[in-house]
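Close look at the chain arrangement
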Amino acid sequence: MARLSITALGMAAFLAALPSPTWAEFILQAPGAGSLQAVVDAAHPGDVIRLRAGRHDGPVTIGKTLTLEGESGAVVAGGGSGSVITVTAPRSIVRGLEIRGSGRSLSEMDSGVFVAKTATGTRVEDNAILDNLIGIYLHGAEDSLAKRNRIVGMREGRTSEAGDGISLWNAPGAQVIGNDISFGRDGIFTKASKRNVFRGNTLSSLRFAIHYMYTNDSEVSGNVSIGNSVGYAIMYSKNLHVEDNVSDGDRDHGLMLNYANGSVITGNTVRGRLQPVERWTAAGRVSGAHAVPGAEPASAAPNDGGMRLGPEKCVFIYNANKNEFHDNLFEGCSIGIHFTAGSEGNAMSGNAFIRNRNQVKYVGTRHLDWSEGGRGNYWSDNPAFDLDGDGVGDGPYRPNDLVDRVLWTSPQAKVLMNSPAVQVIRWAQTQFPALLPGGVVDSRPLMAPPRMEAPRP
């Protein structure tokens with residue numbers, strides 16, 4: 001073990017970020033040169049421990065404010081029990097390491113890096129966190145940060161037995177930024193927290209890309225979900241800003257709001273496509289079946305040579321109230337938006353619904369006008385005219401009619417879809433609007449999509 005003094009300039013910059021100590025050391029640790037825990041225990045607050053390339057045996061607990069970092073190729077390996085690195089001291093830093101080999105106990109919260117409640121302001125950044133039950137657990141660590149980590153979770157077994165890429169519990173002000181997360185259960189799972197930021201993460205081959213539970217006053221922005229079962233599951237949360245996220249080829253829902261209230265959902269893209277049916281039949285297992293298939297074009301065909309259109313719903317809104325949806329793109333799904341369970345006071349304007357097999361599924365009896373301030377939404381199947389050239393259709397758009405309601409309640413009736421009787425009913429509804437049931441109407445439909453091209457991951 002060698003100890004080298006930091007340069008005067010580097011020391012001044014390092015110490016400026018710490019309330020103490022009066023001096024710090026730079027510690028180089030070679031693999032096999034003694035216990036890593038002993039090195040950490042012997043260090044002083046503020047020291048920087050750099051691990052040389054090679055295997056360093058864990059587990060290790062950082063109980064004082066330190067920086068634990070690695071040269072390229074430095075690996076901290078757990079013994080298959082407990083967490084590999086546990087941080088209990090505030091303002092600590094774990095960076096530049098490959099971290100692998102945690103235990104497999106969900107009840108014990110076994111993680112690659114476990115950041116305890118006392119470790120406020122801790123940074124976990126630029127690591128490769130591989131083959132752990134949970135990648136990073138921010139367990140009550142206020143103002144902590146997980147940034148630019150590559151996290152690959154469990155690749156085999158049941159999804160219910162896997163852990164999350166990054167799990168966050170009651171960590172106000174914590175941020176999760178720029179991570180690449182794949183496999184395991186959920187990419188980012190947050191519960192009982194507030195004032196969090198999840199930005200710029202890429203998430204693939206998971207159950208849920210981002211899973212929100214009881215987390216308020218937070219931001220979800222600029223994330224990309226590719227080939228997951230659900231892109232963004234926002235549940236039992238309020239006052240969120242969900243902006244500029246992408247769901248590309250997710251299976252069930254691109255965006256799901258369940259008891260999510262008072263939030264702004266803007267600038268998001270959900271893009272569907274034909275996907276192998278194995279993605280549905282292999283549900284419940286961690287495997288390549290979660291992964292996004294090739295870039296097949298979206299199609300209205302329900303099944304084409306073992307393929308199925310997904311997501312099933314670009315957006316699913318269940319008992320979610322007083323939210324603003326504007327300037328989003330929902331394209332190529334089986335259902336553009338499924339709206340149900342008494343959701344009230346949601347404003348819909350400036351969204352583009354393009355080539356969804358069914359643009360809207362709403363089974364209620366209330367009349368809902370999805371336009372605001374003279375601005376509605378764009379519907380790719382709307383045959384409206386715009387004779388005055390103001391960019392708004394001359395007539396209202398109704399995505400559903402009485403026949404749709406019959407089909408939703410009695411799917412067997414699909415065999416009658418092309419019958420003369422059904423065609424007569426639909427013609428009569430266009431001639432006599434009083435026959436139309438309650439439902440969604442866009443009184444000011446747009447003639448062109450607000451965003452001509454969706455962002456691509």
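1. Focus on the pattern of salt bridges
With the rule as written, the count across this model stands at 20 salt bridges. Where Arg207 meets Asp186, a salt bridge forms, and the shortest distance between an N and an O atom there is 2.8 Å. Of this pair, Arg207 sits in the loop between β22 (202–204) and β23 (208–216) while Asp186 sits in the loop between β19 (180–182) and β20 (188–194), and the two are 21 residues apart along the sequence. Measuring nitrogen to oxygen at the nearest pair gives 2.6 Å for the salt bridge that ties Glu312 to Arg308. A relative accessible area of 23% means that Glu312 is categorised as partly exposed. Through salt bridges that share partners, Arg50, Glu69, Arg95, Arg123 and Glu125 make up one connected network.

2. Brief notes about the environment of Ser111
Structurally, the position occupied by Ser111 is in strand β11 (residues 111–115). Counting along the chain gives 23 residues from Ser111 to Ile134, while the straight-line C-alpha distance between them is 4.4 Å. The contact partners of Ser111, leaving out residues within four places of it in the chain, are Gly82, Ser83, Val84, Ser102, Ile134, Gly135 and Tyr137.

3. A word on the nonpolar core
One finds Ile49, Ile85, Leu97, Val113, Ile136 and Trp370 to be the most contacted residues of the largest nonpolar core, which totals 70 residues. With residues up to four places along the chain from it excluded, the contact list for Ile85 reads Val60, Ile62, Leu68, Val76, Val94, Leu97, Ile99, Gly112, Val113 and Phe114. With 8 residues, the next largest nonpolar core counts Phe189, Phe208, Val230 and Met235 among its residues.

4. Comments concerning the state of the cysteines
Overall, the coordinates contain 1 disulfide when judged by the stated rule. Here Cys314 is linked by a disulfide to Cys333, with a sulfur-sulfur distance of 2.0 Å. In this structure the cystine formed by Cys314 and Cys333 twists about its S-S bond by roughly 90°; its chirality is therefore right-handed. Of this pair, Cys314 sits in strand β34 (residues 313–318) while Cys333 sits in the loop between β36 (329–331) and β37 (335–340), and the two are 19 residues apart along the sequence. You'll find Cys314 and Cys333 in the same group, each marked buried.

5. Some thoughts on the pairing of strand β3 (residues 48–51)
Looking down a regular strand, the side chains alternate between one sheet face and the other. Note that strand β2 (residues 26–29) and β3 share 4 bridges and pair parallel. Directly across from Leu28, in β3, lies its bridge partner Arg50. Between the parallel elements β2 and β3, the chain passes through helix α2 (residues 36–42) in a crossover that is right-handed. Here 4 bridges tie β3 to strand β6 (residues 67–70), and the two strands are oriented parallel to one another.

6. Structural notes on the confidence of the model for the protein chain
For the protein chain, the average pLDDT comes to 84, and 79% of its residues sit at 70 or higher. Residue range residues 288–303 is modelled with pLDDT below 50. Its contacts to residues more than four positions away, or to other chains, number 45 contacts. Across residues 452–457, confidence stays below pLDDT 50; counting only partners more than four residues off in sequence or on other chains, it has 12 contacts.

7. Structural notes on the sheet that holds strand β40 (residues 358–362)
Across the sheet, which stays open at both edges, the 12 strands sit in the order β5-β8-β11-β14-β17-β20-β23-β26-β29-β34-β37-β40 with parallel pairing between neighbours. Strands with a single pairing partner mark the edges of an open sheet, and in this sheet they are β5 (60–62) and β40. The sheet shows a mean angle of 10° between the axes of neighbouring strands, direction not considered. Pairing of β23 with strand β26 (residues 230–235) involves 5 bridges; the strand directions are parallel. Paired with Tyr212 across the strands is Ile234, a residue of β26.

8. Describing the environment of Ala171
Here Ala171 lies in the loop between β17 (166–169) and β18 (175–177). For the pair Ala171 and Leu138, spaced 33 residues apart in the sequence, the C-alpha separation amounts to 6.8 Å. In contact with Ala171, other than residues within four places in its own chain, are Leu138, Gly140, Ala141, Glu142, Ser193, Lys194 and Asn196.

Reading the values: rules and limits
Residues numbered from 1 in each chain as written. Predicted model: local features only at pLDDT ≥ 70, side-chain atom pairs only at ≥ 80, totals over all residues. Heavy atoms only, no water. Salt bridge = Lys/Arg side-chain N within 4 Å of Asp/Glu carboxyl O. Helix = DSSP H or I, 4+ residues; strand = E, 2+ residues; numbered from the N terminus. Buried < 20%, exposed > 50% of the residue type's maximum accessible area, 1.4 Å probe, protein only. Contact = heavy atoms within 4.5 Å. Core = buried A, V, L, I, M, F, W, Y, C linked by side-chain atoms within 4.5 Å. Disulfide = S-S within 2.5 Å. Pairing = 2+ DSSP bridges. Right-handed = clockwise from strand over helix to strand, strands pointing away. pLDDT = per-residue confidence, 0-100. Axes fitted to C-alpha atoms, helices over the stretch in contact; angles between N-to-C directions.

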